[in-house]
Amino acid sequence: MSDSGKDLTLERPPPDKGAAGKSYIGQSVLRVENRALLNGRGQFCDDLPVKRGTLQAAILRSPHAHAEIESIDVSACLARPGVHAVITGEDMRRHIAAMKVPLEAPLEYYGLAVDKVVFAGEAVAVVCAEDRYLAEDALDDIEVVYRPLEPVLDPLKAVEEDAPVLHPAVKSNLISKHHFRHGEPEAAFDSAERRMSFDIVYPRNSIPPIEGFVCIAEFLPENDGYDVISNFPGPFGMHSVMAWSLRVPGNKLRMRSPPNAGGNFGVKLTMFPSIVVMCVASKLAGRPVKWVEDRLEHLVAANSAPNRVTRVEAAYTAAGEVTALRLEHWDDHGGHIRAPMPGPIFRMHGTTSNAYKLRHLDVTMNIVVTNKCPSGAVRGFGGPQLYYATERLMQRIAVVLDLDPLEVLRRNILPADVFPYRAPAGAVYDSGNYGRCIDEAVAEGRLEDLKRRREEVRAQGKYYGIGYAVGIEPSQSNMGYIAIAKSAEKRKKSGPKDGAIVYATVSVDASGSINVVADSVPQGQGHATTLSQIVADQLGVAPEAIMVNTDLDTQKDAWSIASGNYSSRFAAAVGSATHLAAQRVRAKLARIASGTLNRPAEDLVFSDSMIRDPDNPDNAVPLYRIAALAHWSPGSLPEGMEPGMHERAAWSAKELEPSNELGEINCELAYGFIFDFCGVEIDPVTFDVKVDRYVTAHDCGTVLNPALLEGQVGGSFAAGFGAALYEEFVYGEDGAFYSGSFADYLIATAAEMPPLDIVHCTPSPSPVTLLGAKGVGEGNTYTTPVCIANAVADALGIDDVVLPVTPSRVADLLLAEEQARVGAPESEAPEASGSGRSLTGEDSVIVPAPPEEVWRSLLDPDSLAAVIPGCRSLETAGENRYRASVDMGVGPVRGRFQADVRLFDLEEPRKAKLEGSLSGPLGSGSGSGEVHLEACEGGTRVSYSYRVKVAGKVAAVGGRMLDGAARSLIQQFFRALVSQAGGPARRGLWSRLRERLGLSS
Amino acid sequence: MKPAPFDLLIADSLEEALACLHEHGEDARIIAGGQSLMAMLNMRLAHPSVLVDVTRLRDLSYIRCKGDWLEVGATTTQAELLAWPELATRAPLLAQALPYVGHFQTRNRGTVCGSLCHADPSSEIPLALATLGGEVVLKSRKGKRVLAAQDFQTGMLTTARRPDEMVVAARFRLQEDLARFGFREVARRHGDFAIVSIAAMKTAKTLCLGVGGVAERPTIQTFDAQSAEDLEAALNAFAWQLGGSDDIHASARYRREMVRRLGHTLLQEVSNAAAS
């Protein structure tokens, strides 16, 4: 490939609006999907009937972020009435081949944990029972002995020499490293007028669909195959991965999708390992198995977009033009890498230079694993992470040079005369006029109003900022992009990978009614509506007369590896193929009608369900008559014509070429452009960040349906807005997961959404798609987080913006040192938790007994059993070691735990240290503490301090109460100690102080 | 996300409900609107062996003014109280705080007394009850008890309700002449659990703040500061007494800062309004 796009020419097909003259394309045709959905008649996967005897699955999940599995005992679980099978990781290893990953590292993944768990929430075993209630009851009967290991959560720490290693066979948490060099980056840096470097951190988030994963799997003993119904959305290249893993030829894994799905946002792609697990479960249980993922499971264990750290280095001129970019990424994929991961970073590699002129790139990618939920394909697929780096860079250059950030963007943006343009990393930007789009957005979006508003608000002493961002929005993946994860040599060996096949079928039955089948597997976007518009234009019928079916049956439908719903594929790919199939049907109908109407086929016009002679209104024939002829009288058809009226188009754009030796690849087919700006006001009292107004301008080529486009833009904006201000999967340093419910993983709801102005720029139709359309499903997930971050940076005058921008984080930036504590001496106060999410505390009580007696109580198993709240049994497990079964909790939250406690460093009768662990269905904990006894007036002052870590379900859904719960449980213990020693207790100074302050407990 | 097995008693009378509580004690749990308990059951955080559904006890669905008190029965929903036409004039603090309780969908089922019994540290209704110096009426087969708000909620998710008792009513003090109220809540999104919620009350006798979401239960503090410096010091002392915890939504320090800042604003608002 050359280093500029000048040698490129892309063929544009002749404009074709069908023969009708009237066009439905471009109109906001009402969604044909709505009637069923709004009347509660959608057919989602969980609505579909299942066979008699179908078992329901529930999944046992690890409370530990990193642990060896020493043993799993399922015997009690299997003995429970109603339980038919229990499947563990060992079963998976016996029955399947490890799932393939597009990397060279020796990773083995079986869907269930084998030998060890690598994140809190990892699936350990599956119970198949007669109903879901029984299955969940039975989970408690499985006894797993874990040996906890040190976890590592930070991707930079994970790649250090002495970090605990997740996958011993790989020997490192750096699973792979890739280096790309385009242009002459060293020379550009050497001769740079100015340089800048900084690190950015992009957080973990997702776009959780309303409907989680649903899968019904049946093993078919008659042919050793599997029949699966699931809301898996594709790409169906994953079908090969599943079949390979199940050790069956592809034709023995039948996969079907339901007519409706409640969202996807890419997230459902990584349900494929669960499908494999349920297939094995069905085989072992001898019955169909159904699994419906619940919300807790989804948030804990479904997947997340990879979080990323990027070291950004830029060379730029004094005028603010960036000449070279050096990026080193640490892409954090959580505990496992599952295909098509680490795809996002490679998919977006081609557009590393975004919409800018710079030609020199040096990119290093570190693919890292940590003890977090494995990554998955989330709408945006690498875009938010990449553009967070490029767009923060532009804003920071503007600050350093004291330029308007928009001026810096304009100085760097590609001019209108370069298209088609080959970007330095290989993407071929097919069409565009970025400068014009910016001008239109600035005018229509009333940027000047926002600037005035900024002045007014700032004059009142408040914080207000304006942010900008641009983004190239690629659509329709080149199936070859993931190959650049392999070395050039390996790529050569395994043969070329490129293209992206799409199938669509248009047929007309004997009654003249029209059916369309396409391989797009939508999740609510309105594909049926759009395809009916495309076909209606070709055949001159009303869109509502056309029946569109977009679900997929791998045994009966036309499909290929690229089929499915992802990568903004629909408008570019499915639209093109459907258009092509409809054209073929029209040509065939016209050829038949040509004889009847006595006019050349190419002259005929299709309108109002008639085929007409354009010059003689009386010379016309209904479409249904011609279609009927093709079915009823094949013998009368023109010479050589195939009977029937059924045209299937398979399409793959020739521009999707394989990568070259440098790893440069046209990673996607069509490239749209987005320009966003927004105003952000920050409340000086509560530090709440409010987006005052947000403007987003799109050029996505030909617009197929403006209302659906606005739906896509609004949806991806909501996701980006959430990522900027609300959404994050949060982990403690110990690997505990804290975002297990929608009370803690905060999705921006309608109430939070700011006014969104969508500017439809003058379109630059794509020359590489048949309708000129480009995808528009992801853009704002790329640009919105960084646009808001840039506005926050402008408002607060800061360099580092950490997402999501919560009021508490803003407070940390703006607040001076806190007013000094008053009212209680340091040592007596119940210190709230300090760093990370370790819960710490200290307090004291006065026990009305001499220290020796208190000491004896603490060391005597019988009196200890009496003191521990909810203690059911306590046995000695060695010197000063105890093992107890306790029922404990706070208020109505209760659970049974196995507790192991060890006392050490004993200094009778003054001091003891203790450490221990707890585990049970509600979660696990570990902790340490110190107890000091000191004779005092009225008995013994018992002072204690503790540090505990809690993981598992209680941490996932009860994070905001963990501190209080830990404190409360420990207080219960010491209160019991007091009453055991003959109370009533005299309280410590802090307690008396609390009482005096009206805080008595 | 399915609950563990339990027996369900749909009580037709208070006596029946109390008899069941008497029989099962700690193993039983009353369910009314279920807006907190159902989630806990489904996540198996709670697993009572008996659930006593009291929603059919329509006798306990009432809003009554008795002397100084506004009494709300056990099965009155939050939405019903919010829709009470006299709320804004006779219980202005509740009128300000109730819209922050969950969402309108949850308020349609959630009960006023259920929220008190659940005793979430961030709940608005317990905060309003504590600020107003309210009471809770409990009944068991052995008789009736009335507890002051501060004696009722003993900590996080815990109350002084005995296992055989049911809360049959809550009593909020009715509006006194010249009393003024303010209410402010900091949450990430509307309807989220409060990071900090603050109620301010100024009556002829007292000026106080009630704070939820920071300590383990709503906490009331009176203020009689004479100067601006005194007030600032008192608010700072109060903030530190409340302590607060870090969680993923906000730091303890942020919570304390909101107590200082919003506490100050609210105290000024109610004082100025009372003066005018």
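Residues numbered from 1 in each chain as written. Chains lettered and ligands numbered in written order. Predicted model: local features only at pLDDT ≥ 70, side-chain atom pairs only at ≥ 80, totals over all residues.

**Q** I keep staring at the overall build of chain A and nothing clicks. Help me out?
**A** The number of helices and strands found in chain A is 26 helices and 36 strands. What you see for chain A is a C-alpha radius of gyration of 32 Å, in line with the 30 Å of a compact globule of 1001 residues. Relative to its full complement of 1001 residues, chain A shows a buried share of 57%. Considering only residue pairs separated by 6 or more positions, chain A has 77% of its internal contacts joining residues 24 or more positions apart. (Helix = DSSP H or I, 4+ residues; strand = E, 2+ residues; numbered from the N terminus. Rg over C-alpha atoms; globule rule 2.2 N^0.38 Å. Buried ≥ 20, exposed ≤ 12 C-beta atoms within 10 Å, placed from the backbone. Contact = placed C-beta atoms within 7 Å.)

**Q** Would you take a moment to explain the sheet that holds strand E14 (residues 322-332) of chain A for this structure?
**A** Backbone hydrogen bonds hold the strands of a sheet together, and the pairing may be parallel or antiparallel. All names here are of chain A. Ordered by their spatial adjacency, five strands build an open sheet running E7-E15-E14-E13-E8, and the pairing between neighbours is mixed. Of all strands in the sheet, those with a lone pairing partner are strand E7 (174-182) and strand E8 (194-202), marking the two edges. Pairwise comparison of adjacent strand axes, ignoring direction, gives a mean angle of 10° for this sheet. For E8 and strand E13 (residues 307-316), the ladder comprises nine bridges, and the chain directions are antiparallel. Following the sheet pairing, Met196 is matched in E13 by Ala314. This element, helix H11 (residues 383-401), spans E8, E13 and E14 of the sheet and lies at about 140° to E8. (Pairing = 2+ DSSP bridges. Axes fitted to C-alpha atoms, helices over the stretch in contact; angles between N-to-C directions.)

**Q** Can you walk me through unusual backbone geometry in this structure?
**A** Among all residues save glycine, negative phi is the norm, and among peptide bonds the norm is trans. Residue and element names in this part refer to chain A. Cis geometry marks the peptide bond from Gly234 to Pro235; its omega dihedral reads 5°. Looking at the secondary structure, you find Pro235 in the loop between strand E10 (225-230) and helix H7 (237-246). Cis geometry marks the peptide bond from Ala339 to Pro340; its omega dihedral reads 0°. Here Pro340 lies in the loop between E14 and helix H10 (343-347). With a phi close to 65°, Ser609 is a non-glycine residue in the positive phi region.

**Q** How should I be thinking about the sheet that holds strand E12 (residues 289-292) of chain A in this particular structure?
**A** Residue and element names in this part refer to chain A. One open sheet holds the seven strands; their spatial order is E3-E5-E1-E12-E9-E10-E11, and the pairing between them is mixed. Of all the strands in the sheet, just strand E3 (83-88) and strand E11 (253-256) have a single pairing partner and so form its edges. Across the sheet, the mean angle from the axis of one strand to that of its neighbour is 25°, orientation sign disregarded. In the sheet, E3 pairs with strand E5 (residues 123-129) via five bridges, with the strands oriented antiparallel. Counterpart to Ala85 in the pairing with E5 is Cys128. Against the sheet, helix H4 (residues 132-139) engages strand E1 (55-61), E3 and E5, with an angle of about 30° to E1. Contacts from H7 reach E10 and E11 within the one sheet, and its direction differs from that of E11 by about 140°.

**Q** What is the right way to read the environment of Arg625 of chain A from this model?
**A** All names here are of chain A. Note that Arg625 resides in helix H18 (residues 623-632). Judged by local crowding, Arg625 falls into the partly exposed class, with 14 C-beta atoms found within 10 Å. In sequence terms Arg625 and Ser511 are 114 residues apart; their C-alpha atoms lie 7.9 Å from each other.

**Q** Can you walk me through the interface of chain A and chain B in this structure?
**A** As a measure of interface size, the accessible area lost when the parts come together is often cited. If you look at the interface, chain A gives 52 residues, while chain B gives 47 residues. Sorting the residues of the side of chain A that touches chain B by element identifies H4, helix H9 (295-302), helix H21 (807-814), strand E32 (893-907), helix H24 (953-958) and helix H25 (962-980) of chain A as the ones contributing at least two each. The residue inventory of the side of chain A that touches chain B, partitioned by class, reads 25 nonpolar, 14 polar and 13 charged. (Nonpolar A, V, L, I, M, F, W, Y, C, P; charged D, E, K, R; others polar.)

**Q** Would you mind going over H4 of chain A with me for this structure?
**A** Note: α-helices contain 3.6 residues per turn, so residues at a spacing of three or four share the same orientation. Residues and elements named next belong to chain A. Buried residues dominate H4, accounting for six of its eight residues. Among all positions of H4, only Leu134, Ala135, Glu136, Asp137, Ala138 and Leu139 are buried. If you follow the buried residues of H4, they end up packed against E1, helix H2 (75-79), E3 and E5.

**Q** How do you make sense of the environment of Glu642 of chain A when you look at a structure like this?
**A** Residue and element names in this part refer to chain A. Structurally, Glu642 is set in the loop between H18 and strand E25 (646-651). By the C-beta count within 10 Å, which is 11 here, Glu642 ends up exposed. On a C-alpha basis, the gap between Glu642 and Ser808 in space is 69 Å, while along the polypeptide they are 166 residues apart.

**Q** Sorry if this is basic, but what is going on with the pairing of E10 of chain A here?
**A** A regular strand carries its side chains on alternate faces of the sheet. Residue and element names in this part refer to chain A. Pairing between strand E9 (residues 214-220) and E10: six bridges, direction antiparallel. Residue pairing for E10: Ala217 is matched across the bridge by Val228. Between E9 and E10, which pair antiparallel in sequence order, lie four residues; one of them, Asp224, sits at a positive phi of approximately 55°. Pairing analysis gives four bridges linking E10 to E11, with the strands arranged parallel. Bridged to Tyr226 within E11 is Leu253. Remark: the E10/H7/E11 crossover connection has right-handed handedness. (Right-handed = clockwise from strand over helix to strand, strands pointing away.)

As far as function goes, none of this settles anything; it's purely spatial.
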